[in-house]
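# Chain and residue survey
Here are the chains, one letter per residue:
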Amino acid sequence: MADIRDRYDALVIGGGIAGMQAALDLGEQGFEVLLVERTPSIGGVMVGLNKVFPTLDCSSCICTPRMAESAHHPRIRLQTYTEVRRVDAVGTGFRVELDCKPRYLDEEACIGCDECELACPIEVPHEFDDGLGARRAIYIPHGNAIPQKAVLDVEHCIFCGKCERVCPTNCLDFTAQSRTVHVDVGAVIVATGFDILPMGAKPEYGGRLPNVMSPMAMERIQSSNGPYGRVLRPADGKIPRSIAYIQCAGSRDRSIGVPYCSRVCCMYALKQALLLRHYIHDVDVTLYYMDIRAFGKGYEQFYRRAVAEGVKVVKGKVARVTEAENFDLLLRVELLDEGGRVDEHRYDLVVLSQGLIPAWHADGIIDIEEDADGFVHTPEIKLNPSFTTMPGVFVGGVAAGPKDIPDAIVEAGEAAMAAANYLKRFRWRSRTPAAAVAV
Amino acid sequence: MFDATDSAASGSTPGVQAPRVGVFVCHCGGNISDVVDVKRVAEEAARMPDVVFTTTHMFHCSDPGQALIEQKIREHALTRVVVAACSPTLHQITFRRAVERAGLNQYLFEHVNIREHVSWVIEDKEAATAKASRLVRAAVNRARLLVPLDKRRIPIHPAALVIGGGVAGLMAARDLGDRGMKVTLIENRPFLGGRMAQLWNVFPTNEEARPLLSNLVRDVVKHPLITILTGAHVVNSEGVVGDFKTKIKIDARGVDERLTYPGNAIAACPEETISEFDFALSRRKAIYMPYPGCFPPIPAIDWHTCTKCGKCVAAVGGKGINLDAKSRELTLHSGVIILATGYDPYEPLLGEYGYGIFPKVITLQQLHRMLDPEGPTAGALPFDSNTPVRIGFLHCVGARQIDGVNAPQPDGKVKDYCARTCCTAAMHAAVALRERFPKSHITSFYQDMRTYGRGHEEYYEQASQQGVLFVRYSPWHPPRVDKDRTGKWPVVVRTNDLLTDGLPIEVPLDLLVLATGVVPHDISELVTMYSCAVGYDSFLLEVHPKLRPVELAVSGVFLAGCCQGPMDITEACSAASAAASKAAAMISQGQVEMDPFIASVDEEVCTGCQTCLTVCPYDAIVRDEARGLAIVSEALCTGCGTCAAACPSSAIQQAGFNDRQVRAEIDVLLGV
Ligand SMILES: Cc1cc2nc3c(=O)[nH]c(=O)nc-3n(C[C@H](O)[C@H](O)[C@H](O)COP(=O)(O)OP(=O)(O)OC[C@H]3O[C@@H](n4cnc5c(N)ncnc54)[C@H](O)[C@@H]3O)c2cc1C
Ligand code: SF4
Ligand code: SF4
Ligand code: SF4
């Protein structure tokens, strides 16, 4: 891959589905795009999901082509494992400072053979599997990662040198340094996405107990390329026969600073629950909810289907989750549709439908404002929902508030259109005149 | 067994390399391999003639999976590639590109669907594997006969047609105009602005709707690249992506800019009808303007109501009004089309929740008109601010309906989808009413409170804090709206409140507001003209609900806003800009690439029988009178193959699907 040039039309921050879509839209319109992702692979959250509601399409099957398209696009330059350190307005454009983190190997030379990973003696919980499976201190992020290049995690490496000895291209470099790169761009799109609220955010839900799971862990467990290859509970490897979902676990709750609805958790919980009904014969799956927010296209129908296929939904306020013997869980709930009667149930597994929080803050990096909830502020939310408080900086996807994949994709397209018009208005030109804007 | 000896395959055709077939079978991460023995499929394919390499991979669509294909093409000098995986709608392009990157013509590739067609529909592993194997072997036999083809490149006429002048259409037009592209925006009604113009105030910013809209309209109107036509209807459409020829009819407006004092003309008009803009809450004249500040800022004449009495003309001294104006027709050329035809509020059936029977049962849209200071009641409700009025909001009217519980609509179906915007809209209105009538009692009858968006939940919270009562009803037992037996109240709502253990309750009300759903605006003619796909919910159906939400399956036609499904203004604007972005990409590339699978006539063989002319659904074949032959128009042919199948003398062959290729495939499928 050619090195980063010093000038592009647009910088897209974040290589999730929204960032990729924004980059592709701009690329297709003839603009030169620098797509910066802070982790070692693009794909964002979506590439780790199992199937997507409401179509139950396999998520990686529809995400990986977008990843490949972004990687192969003639006008998109991918820059993974890189942080955006600072973006300053200069005229109508921006001066960007990037911090390219070292993979401790020659990225050009690495052929992704995975020999180093097999040789490495150190095992670390794998973030791609929400900490459930293991990876080595040197690893390829996952089977669908782009680029397929190893990365050495210097925090855990003991410098035993085993990887270096097996590498067929001899590409390891333990002395590599991070690199600072400066780039000029005409417009910026923020598509930095989200994290799931930490599991301990509401201690009464037992987020730290081994059989209380995050929804991301459940996605991974259900995935055919997941850590177990089947649905088992983490504490003892038993097949769970009864599973409870706690909805709005850390959303719509001012007490923990997440007053908003996270918008996707009703649907992902229904999706996971329905799939559990397919994966485990006769499993008892119950969602305890405040409101089922199945508002998108085809979602209400999906909700009805899940219920028809045996997913139980109960309007209830969960008071607490505690551990019983054998790692089972006791869930105490106020049944709102039964006049507030308090009930206690035993479950093999509990999933907390945790809310979505911003993965990144502009603080000290770009001078755009954020709302009290931490998501990027969009002052013209009605007609120009991708505008931020800084002209030339646009936002798309979950970075502008929780949303599902189609909504993130639509918004990314909008951000790209807004950026294109901004570039057009100020006649920004990146260096390659031949490939520059056609219209 | 099949005939493996047919040998154009052996490379005798000039420029066609001898077949060396590579077969790649995908696990699809278990989606396929859990049911199909992919290794056995590969092994059986390996025994086919000309197959020189076979393998399997966890995810062939992934980058490493694609890289493997490229590598093996080079390593084994493959000249034909077969990939057995998911549906070609997903990944055919992915693999064609991989094949091309390895230096092969992309049409030397054959895609076999062993997921949707096999592993997802067959449980028995043996049967599934047998079917997958046979499909793959058939594809191999066909692939042996493939020849390189070139993509068709169609130049794009650098202009866009936007159909619909609501907020989404306006936004799409503005974006394309700003991007430097020529746009024509056509609107059915005599005025721009669509449904947003009828709203009084919008969530989540509590802004007045029309000033917001007027700014956008102003940008569009003064834009040098945008032409606006109101009262315009599509009557016919021809052509395909790159060059759509759309014939439109423009209604006679009867009024032009020379009319300087429209008020005088309107006042003089003796004919009245109900105002559709005010949802029948007021009446308007035959010559009318729906609201102050509308665009165009001149009245229009409603010819159904006008009697041509001439009083308006007399009142303005004859200037600017022409009662004999005629409609006109014109044809627009555009490379792309954006559909932004919007929605209609659900109109409750007569008697549904008392609608149309009790005057104090109104829709949320009507409430908006009443709250509008420029509306029919000048913003006043029929109560004074000190009376303790009782107001109810009933959610999910014409939405989330259940077959067998709710009465079917005229089309025989129920509205089973959630209308997405009404929960927040109802809460936004409830909060506003509480502020305006501090002594009011407001009850919300709901199923689930779907205030999902940014800044939406706040209305729900505020409403709760302000004492709005929430009654949760079951969709299986919708509330009943009756008259009050004591005669004290205009209406009574009876239901069972799930939140209090299903206790039956009776809530007497002064006003019941129905939070009605959203149905697509009727565009059945456009649907037929552009062969658009429509979902069960009657909204336009995007190509891929996840990944390509603003594109229709018809190349060059894009979707913006509520014609696709319920959305709020923010979401409609996003969709419009996203659609504009795709359209801009197409136009800025100057051409579209199309598959080369078109029909061609072998002039030596054609007998001029004209069978093909009668079967072609796209009128793509004409008769060359002089020579007595059929000729295919490349621009119009979609490659449907109907003519090739119908031609009695086999004079028509379709590129990529010629008789020999298709027969080779069928032979293996039938095991002959
Ligand atoms: C358990 C679960 C299940 C779900 N299931 C579905 C489903 O079935 N269907 C559906 O439609 N939606 C589903 N969703 C929602 C879906 O995941 C999101 O809508 C989608 O992933 C949002 O994409 P995004 O690009 O906005 O964010 P992300 O996927 O978070 O992508 C953001 C990217 O930006 C990168 N980044 C962040 N900060 C920086 C920085 N400073 N510099 C560079 N890069 C940065 C991140 O590393 C990441 O790669 C689900 C969500 C969850 C939690
Ligand atoms: S040097 Fe580090 S990364 Fe390499 S094998 Fe040893 S521990 Fe693993
Ligand atoms: S989407 Fe559902 S679970 Fe998630 S916060 Fe909203 S209401 Fe709660
Ligand atoms: S948004 Fe609310 S009122 Fe509207 S259909 Fe959906 S649940 Fe019912």
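Residues numbered from 1 in each chain as written. Chains lettered and ligands numbered in written order. Predicted model: local features only at pLDDT ≥ 70, side-chain atom pairs only at ≥ 80, totals over all residues. Heavy atoms only, no water.

### Considering the overall build of chain A
Here is the rule: Every helix listed is a DSSP run of H or I at least four residues long, and every strand listed is a run of E at least two residues long, numbered separately from the N terminus. Our radius of gyration is a C-alpha quantity, and the globule rule it is checked against amounts to 2.2 Å times the number of residues to the power 0.38. Exposed residues in this analysis have more than 50% of their type's maximum accessible area, buried residues have under 20%, and partly exposed residues fall in between, with area computed by a 1.4 Å probe over protein chains only. The contact definition used throughout considers only heavy atoms, calling two residues in contact when any of these lie within 4.5 Å. Values of accessible area rely on a 1.4 Å probe in the Shrake-Rupley scheme; residue burial ignores everything except the protein chains shown. For this count, His and the chain ends are skipped, Lys and Arg are scored as positive, and Asp and Glu as negative. Throughout, a charge is located at the NZ atom of Lys, the CZ atom of Arg, the CG atom of Asp or the CD atom of Glu.
Counting its regular elements, chain A contains eight helices and 22 strands. Expected size for 439 residues packed as a compact globule is a radius of gyration near 22 Å; at 23 Å, chain A falls within 12% of this value. Among the 439 residues that make up chain A, the fraction classed as buried is 62%. Restricting the contact set of chain A to residue pairs at least 6 apart, pairs at least 24 apart contribute 67%. Accessible surface for chain A amounts to roughly 15,600 Å². Of this, 50% is attributable to carbon and sulfur atoms. Looking at charge distribution, chain A has the averaged site of its 48 positive side-chain charges lying 3 Å from that of its 58 negative ones.

### A few points about the overall build of chain B
The secondary structure content of chain B amounts to 17 helices and 34 strands. Each of the three principal axes of chain B carries a C-alpha extent, and together these read 90 × 70 × 40 Å. Within chain B, the proportion of its 672 residues that are buried is 57%. Taking as baseline every contact in chain B between residues at least 6 positions apart, the subset at least 24 positions apart corresponds to 70%. Accessible area for chain B stands at about 27,000 Å²; split by element, carbon and sulfur atoms hold 53% of it.

### Regarding the site of ligand 1
What counts here: Working definition: residue near molecule or strand if any one of its non-hydrogen atoms lies within 4 Å of it. Within 3.5 Å is the distance limit for a polar contact, defined as a pair of N or O atoms, with the added protein rule that one can donate a hydrogen and the other accept it, and that residues adjacent in sequence qualify only through two side-chain atoms. Domain limits in this description derive from either an automatic procedure or a database domain assignment.
Neighbouring residues of ligand 1: 36 residues in total, closest Glu37, Lys271, Trp360 and Lys403 of chain A together with Lys546 of chain B. In this structure ligand 1 sits where residues from chains A and B come together. Lys546 of chain B places a polar side-chain atom, nitrogen or oxygen, 2.5 Å from an oxygen atom of ligand 1. Of all elements in the fold, only α1 (17-28), β3 (51-52), β13 (194-196), α5 (215-222), α6 (265-279) and α8 (405-425) of chain A reach the threshold of two or more residues within the shell around ligand 1. Counting the residues that make up the shell around ligand 1, at least three belong to each of domain 1 (7-101 + 178-193 + 359-435) and domain 3 (198-355) of chain A.

### Focus: the pattern of salt bridges
For side chains of opposite charge, pairing can occur when their charged atoms come near one another. Applicable threshold: Only one rule defines a salt bridge in this text: a Lys or Arg side-chain nitrogen within 4 Å of an Asp or Glu carboxyl oxygen.
Scanning the model with the defined rule gives 79 salt bridges over all chains in all. Here Glu571 of chain B ties to Arg263 of chain A by a salt bridge, and the two come within 3.4 Å at their closest N and O atoms. One end of the pair, Glu571 of chain B, is in helix α14 (residues 569-589); the other, Arg263 of chain A, is in the loop between β15 (242-249) and α6, on a second chain. One salt bridge connects Arg346 of chain A with Glu325 of chain A, and the closest N-O pair in it is separated by 3.6 Å. Within this pair, whereas Arg346 of chain A is found in strand β19 (residues 341-347), its partner Glu325 of chain A is found in the loop between β17 (312-323) and β18 (329-335), the two being separated by 21 residues in sequence. Since its relative accessible area comes to 39%, Arg346 of chain A is described here as partly exposed. Connected via shared salt-bridge partners are Glu300, Arg304 and Asp337 of chain A together with Arg400, Asp448, Arg450 and Arg472 of chain B.

### Digging into the nonpolar core
Test applied: Definition of nonpolar core: a set of buried residues of the types Ala, Val, Leu, Ile, Met, Phe, Trp, Tyr and Cys, connected through side-chain atoms within 4.5 Å.
Membership of the largest hydrophobic core comes to 91 residues, with the highest contact counts inside it found for Leu26 of chain A together with Val23, Val81, Ile114 and Val136 of chain B. Per-element tally for this core: the top contributor is α8 of chain A, with 11 residues. Those residues in contact with Leu26 of chain A that sit more than four places away from it in its chain are Ala10, Phe31, Val33, Ile189, Ala416, Ala419 and Ala420 of chain A. Membership of the second largest hydrophobic core comes to 79 residues, among which are Leu212, Tyr288, Phe558 and Ala580 of chain B.

### Remarks on the domain arrangement of chain A
All names here are of chain A. Let me state the cut-off plainly: Defined in terms of a 1.4 Å probe, buried area is the accessible area two parts forfeit on being brought together, summed over both.
Domain assignment breaks chain A into domain 1 (7-101 + 178-193 + 359-435), domain 2 (102-176) and domain 3 (198-355). Relative placement of domain 2 and domain 3: their C-alpha centres are 34 Å apart. When domain 2 packs against domain 3, close to 570 Å² is buried across both sides, 61% of that on carbon and sulfur atoms. Looking at the side of domain 2 facing domain 3, the largest losses of area belong to Asp129, Asp130 and Leu132, adding up to 75% of the total buried there. Here domain 2 and domain 3 share one salt bridge between them.

### A closer look at the environment of Leu356 of chain A
Residues and elements named next belong to chain A. Residue position: Leu356 is located in strand β21 (residues 356-358). Under the relative-accessibility criterion, Leu356 is labelled buried at 2%. In sequence terms Leu356 and Arg427 are 71 residues apart; their C-alpha atoms lie 37 Å from each other.

### Side note on the packing of aromatic side chains
All names here are of chain A. Short version of the rule: Stacked, tilted and edge-to-face are the three classes assigned to paired rings of Phe, Tyr and Trp, where Trp is represented by its six-membered ring and a pair needs centres within 6.5 Å; plane angles under 30 degrees give stacked, over 60 edge-to-face, the rest tilted. Here, a charge over a ring means that NZ of Lys or CZ of Arg falls within 6 Å of the ring centre while also lying within 35 degrees of the ring normal.
The full count for this structure, using the stated rule, is 19 aromatic pairs over all chains. Relative to Tyr422, the ring of Phe394 has its centre 6.1 Å away and its plane inclined at 70°; by these criteria the two rings are edge-to-face. Of this pair, Phe394 sits in strand β22 (residues 393-395) while Tyr422 sits in helix α8, placing them 28 residues apart in sequence. Here the two residues Phe394 and Tyr422 agree in accessibility, since each one is buried. An aromatic cluster is present here, built from Phe387, Phe394, Tyr422 and Phe426 joined pairwise through their rings. Sitting above the plane of the Tyr8 ring, Arg5 keeps its charged end 4.7 Å from the centroid. Above the ring of Trp428, the side-chain terminus of Arg7 is found at 4.0 Å from the ring centroid.

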